[in-house]
Amino acid sequence: MSFPYGSVVPPAGQVSSSDNALPVEYMFSQIMGAVQKSQAEISDLRQECNDLRLANASLERQIREGFQQNGNGNYYASSRIGSGFVTPVPGSPQLRAKSPFLSPHSIPSLVAAPTSHLPSPLGDNAVAPFQFGVRDIPGFYVVIPAGGAGTRLWPLSREEHPKFLLDLTLKGRSLIQATWDRLLPLSSSLRTTVVAGPGHVKSIREQLPDLLPHNLICEPGPKDSMAAIGLAAAVLAKRDPNAVIGSFAADHMISGDDAFLSAVAEAVEVAKKDYLVTIGIAPSHPSTGFGYIRLGNKLGIKEAPNARLVSSFKEKPDARTAAAYIGTGNYRWNAGMFVTKATVLLDLLKDYKPELHDGLQKIAAVWHDEALRQAALNDIWPELEKIPIDNAVAEPAAAEGKVAVVPATFGWDDVGDFSSLADLLPAESNQPRVLGDSSLVLTEQVAGGIVVPGSGRLITCLGVDDLVIVDMPDTLLVTTRARSQEVKRLVKKCRDAGWKQLL
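Cut-offs used in this document
- Residues numbered from 1 in each chain as written.
- Predicted model: local features only at pLDDT ≥ 70, side-chain atom pairs only at ≥ 80, totals over all residues.
- Heavy atoms only, no water.
- Helix = DSSP H or I, 4+ residues; strand = E, 2+ residues; numbered from the N terminus.
- Buried < 20%, exposed > 50% of the residue type's maximum accessible area, 1.4 Å probe, protein only.
- Contact = heavy atoms within 4.5 Å.
- Areas by Shrake-Rupley, 256 points an atom, 1.4 Å probe, with all protein chains shown as cover.
- pLDDT = per-residue confidence, 0-100.
- Core = buried A, V, L, I, M, F, W, Y, C linked by side-chain atoms within 4.5 Å.
- Expected span 1.5 Å × (residues − 1).
- Pairing = 2+ DSSP bridges.
- Phe/Tyr/Trp six-rings, centres within 6.5 Å; stacked < 30°, edge-to-face > 60°.
- Salt bridge = Lys/Arg side-chain N within 4 Å of Asp/Glu carboxyl O.

## Regarding the overall build of the protein
When helices and strands are tallied, the protein shows 12 helices and 19 strands. A burial count over the protein gives 47% of its 503 residues as buried. In the protein, once contacts between residues fewer than 6 apart in sequence are set aside, the share between residues at least 24 apart is 68%. Here the protein has roughly 24,500 Å² of accessible surface; of this, 52% comes from carbon and sulfur atoms.

Below, the structure is given as structure tokens:
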């Protein structure tokens, strides 16, 4: 007779026939316990294997995309290529993509040259500043809100094909793809969620093939950032009550991936202390197009030495006020990046916007039942308040000392208009920037400005400076860089005049 490991074995000769019942029952219970424990361990191993398969598939896809076929049919990769998880290497001038549209079929009658991109092995961003696996933050979930029509970039950006789906730097990756690449080292595809409207779901799936189906949250209609981020927080809190989430817009441009990832990692450490954390961008000029964050006292957190309290948030200022802000050295641009525990965000929402909180919680409670989810969205979503996260929770929470900021040093731009877009494109001296095929733009005595030859027609300019010319197959826009912030006024006029199909 054998006994389970760890059990007390009676001495030889002391197990009589009358005592047989006790050891047998004891042995049976021990065996059943061991079997149940083994089954639980097997279940855990199966789940881990499934997660590893998904991660490996994602890695293999990214490695394959790191190699491109050259003109001789041979495959090459730069000897400086790293993990493949940073924003892709920009092409050389001769090899740049000739159209900002990665999915030309989505633009009506687009006759521009099809997108073709080969990375330059001499690209100065070929070295990844970190190695795969080093940056992963356990328990950290990335949320990418992909909304808005980018009306200041109309007619390049449209409601059905907004700027986050466009390659605005001609490097072969759209803004949302660059955002995905940048954040993937922190969370992997398993913990990266995108929130988008129904009109953009198909294009996002095409551009982000590694996005897991259950991590694409479709909001029925635009309700601004609080509802989008709040819904993601509520859903993720159901999956992982200890989740720390970070919200990063799909349509922003960032330079300096290493500094960015370091700032996010520091923000996560602060968020673990139950703060709502934002990342403050060092201003490069007195911009009137961004909100500002006034820095408060240092928090003194060992793991986050740069973190401070937010003294207050400031709305977009006039030029004189913006210059005064920068002169003090105590202000940072508000880039709309927020890192916090999902449960902390929901608690803040409950305090300041209880009706919005209750509605989102009801939707999240039935999210994983498709029929009940759709019914809840149909009933609840239209009634939710449309409000930005700044106004809903960040500003009132800052007044109570609940918001922190991590000042950052990386380059950032929200690409809010054609003037800021022009600054991001290369150009010859005293020549306009060209977003597209430069062979379609001929100029004489022209300085500054930006030209988008999106229709395939030849564009010629003589003696005009700092113009914005956007030539699409169905629409032509002409304005100046100085007034590019006002393009949204034209969008409203087009809508009022019955040209909604062009928006």
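Let us keep going from here.
## Re the confidence of the model for the protein
Residues at a pLDDT of 70 or more form 78% of the protein, whose mean pLDDT is 81. Contacts from residues 1-20, a stretch scored under 50 in pLDDT, to residues over four places away or in other chains number 12 contacts. Confidence over residues 108-133 falls short of pLDDT 50; this stretch has 69 contacts with residues more than four positions distant or in other chains.

## Considerations on the nonpolar core
Counting residues in each nonpolar core, the largest one holds 53 residues, and the members touching the most others are Phe 140, Val 194, Ile 204, Phe 248, Val 270, Ile 279 and Phe 410. Ranked by residues supplied to this core, first place goes to helix α5 (residues 257-271) with 8 residues. The contact partners of Val 194, leaving out residues within four places of it in the chain, are Ile 144, Ala 146, Ile 176, Ile 204, Leu 208, Leu 211, Asn 215, Leu 216 and Ile 217. In terms of nonpolar packing, the next biggest core, distinct from the first, is built from 49 residues, Ala 228, Trp 381, Ile 389 and Ala 398 among them.

## Quick word on helix α8 (residues 354-365)
Taking 1.5 Å of rise per residue, the 12 residues of α8 would be expected to cover 16 Å, and the 16 Å separating its terminal C-alpha atoms lies within 8% of that figure. Buried residues along α8 sit against α4 (224-239), α7 (342-352) and α9 (370-380).

## Description of the sheet that holds strand β14 (residues 433-434)
What holds strands together in a sheet is hydrogen bonding between their backbones, with the strands either parallel or antiparallel. One open sheet accounts for 4 strands, arranged β14-β16-β18-β19; its pairing is mixed. Only two strands of the sheet have a single partner each, and these edge strands are β14 and β19 (476-480).

## Regarding the pairing of strand β11 (residues 331-341)
Of all 11 residues making up β11, 9 are buried, and the element is well covered by its neighbours. In this structure, strand β6 (residues 244-247) lies alongside β11, joined through 4 bridges in antiparallel fashion. The partner of Val 244 across the bridge, within β11, is Lys 341. Inspection of the sheet shows strand β8 (residues 276-281) paired to β11 by 4 bridges, in the antiparallel sense. Looking at β11, one finds that Gly 280 is bridged to Asn 334. Pairing analysis gives 4 bridges linking strand β9 (residues 291-298) to β11, with the strands arranged antiparallel. Bridging across to β11, Arg 294 finds its partner in Tyr 331.

## Some remarks on the pairing of β6
Taking every second residue as pointing to the same face, both faces of β6 are buried, with Val 244 and Gly 246 on one and Ile 245 and Ser 247 on the other. Summarising the sheet, strand β3 (residues 140-146) and β6 pair through 4 bridges and their orientation is parallel. In the strand pairing of β6, Tyr 141 is matched with Ile 245.

## Here we look at α4
Because each turn of an α-helix spans 3.6 residues, side chains separated by three or four positions end up pointing in the same direction. With 16 residues, α4 extends 24 Å from end C-alpha to end C-alpha; this agrees with the ideal 22 Å at 1.5 Å per step. For α4, a buried count of 12 out of 16 residues is recorded, marking the element as mostly surrounded by other parts of the structure. Three or more residues of α4 are buried, namely Met 226, Ala 227, Ala 228, Ile 229, Gly 230, Leu 231, Ala 232, Ala 233, Ala 234, Val 235, Leu 236 and Ala 237.

## Regarding the packing of aromatic side chains
One pass over the full model with this rule turns up 7 aromatic pairs. Taken together, a centroid distance of 5.8 Å and an interplanar angle of 75 degrees make the contact between Phe 248 and Phe 260 edge-to-face. With Phe 248 in the loop between β6 and β7 (253-255) and Phe 260 in helix α5, the pair connects residues that are 12 residues apart, well separated along the chain. Summarising the burial analysis for this pair, Phe 248 and Phe 260 share the class buried.

## Brief notes about the pattern of salt bridges
Counting across every chain of the model gives 17 salt bridges. Residues Lys 492 and Asp 496 are paired through a salt bridge, measuring 3.0 Å at the closest nitrogen-oxygen approach. With Lys 492 and Asp 496 both in helix α12 (residues 487-496), this residue pair falls 4 residues apart, about one helical turn. Across the pair, exposure class does not vary: Lys 492 and Asp 496 are exposed alike. Each of Arg 483, Glu 486 and Arg 489 takes part in one network of salt bridges that share partners.

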